[in-house]
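Listed here are the chains, written in short residue letters.
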Amino acid sequence: MGAGFHGGFGNSYGSKERYRIGKPVPPTEKTLDMALNKDYYVKTICKKYNIHLKSGKTEIKIIINPDLEPSGRVVKSRPDIIELGPKAFINETELANTIAHELNHARSYLKGGKAPERKAYASGNSLEKYIRGKR
């Protein structure tokens, strides 16, 4: 499903614990391949945190947009595409948070609804708390 209670981020790659209070998730060792191929890096992080890029049967694609000012964006006219800007790649935690946040928007749009920021921030921030060992 994705990065949420039912999405299984508590069962991230390398962890069988639901809550990791006081135990931050160790960062991924960034390889040369990841540094040179951002798509590969995104897939690695999605796999690590069990972030499923789907909404129902719809595949959600991630596109790297080097000209995008914010960290990420989903537009209602193309809800199956998440755009990531350079700010999303500051570190692994920011990338995972941004993907979870934008994925929430994409799923809301695909369901025919609005994409409220409050729910999207809750999704990304919940995953970030888990990564930092605060959840």
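You'll find the structure just up there.
Residues numbered from 1 in each chain as written. Predicted model: local features only at pLDDT ≥ 70, side-chain atom pairs only at ≥ 80, totals over all residues. Heavy atoms only, no water.

1. As for the packing of aromatic side chains
Then comes step 1: In this structure the tally under the stated criterion is one aromatic pair.
Then comes step 2: Arranged with centres 6.5 Å apart and planes meeting at 35°, the rings of tyrosine 41 and phenylalanine 89 form a pair that is tilted. Placement of the pair is tyrosine 41 in helix H2 (residues 38-48) and phenylalanine 89 in the loop between strand E5 (78-84) and helix H3 (92-110), with a sequence separation of 48 residues.
Then comes step 3: Judged by its relative accessible area of 12%, phenylalanine 89 is buried.
Then comes step 4: Sitting above the plane of the tyrosine 41 ring, lysine 30 keeps its charged end 4.4 Å from the centroid.
Then comes step 5: Of note, lysine 38 hangs over the ring of phenylalanine 89, and the distance from its end group to the ring centre comes to 4.7 Å. (Phe/Tyr/Trp six-rings, centres within 6.5 Å; stacked < 30°, edge-to-face > 60°. Helix = DSSP H or I, 4+ residues; strand = E, 2+ residues; numbered from the N terminus. Buried < 20%, exposed > 50% of the residue type's maximum accessible area, 1.4 Å probe, protein only. Lys NZ or Arg CZ within 6 Å of the ring centre and 35° of its normal.)

2. A few points about the pairing of strand E4 (residues 72-75)
Regular strands show a simple pattern: their side chains alternate between the two faces of the sheet.
Then comes step 1: Only one face of E4 is covered, namely the one carrying Gly72 and Val74; the face carrying Arg73 and Val75 has none of its residues buried.
Then comes step 2: Pairing geometry for E4 and E5, over three bridges, is antiparallel. For valine 75, the partnering residue across the bridge sits in E5 and is arginine 78.
Then comes step 3: Between the antiparallel neighbours E4 and E5 lie two residues. (Pairing = 2+ DSSP bridges.)

3. Quick look at the packing of H2 against H3
Then comes step 1: It is at 10 Å that the axes of H2 and H3 come closest, and there the two elements cross at 75°. By the criterion of interaxial angle, the relationship of H2 to H3 is roughly perpendicular. For the pair H2 and H3, contact is made by Tyr41, Val42, Ile45, Cys46 and Lys48 and by Glu92, Leu95, Ala96 and Ile99, respectively.
Then comes step 2: Its residues assigned to classes, the contact of H2 with H3 shows seven nonpolar, no polar and two charged. (Axes fitted to C-alpha atoms, helices over the stretch in contact; angles between N-to-C directions. Parallel < 35°, antiparallel > 145°, perpendicular 65-115°, else oblique. Contact = heavy atoms within 4.5 Å. Nonpolar A, V, L, I, M, F, W, Y, C, P; charged D, E, K, R; others polar.)

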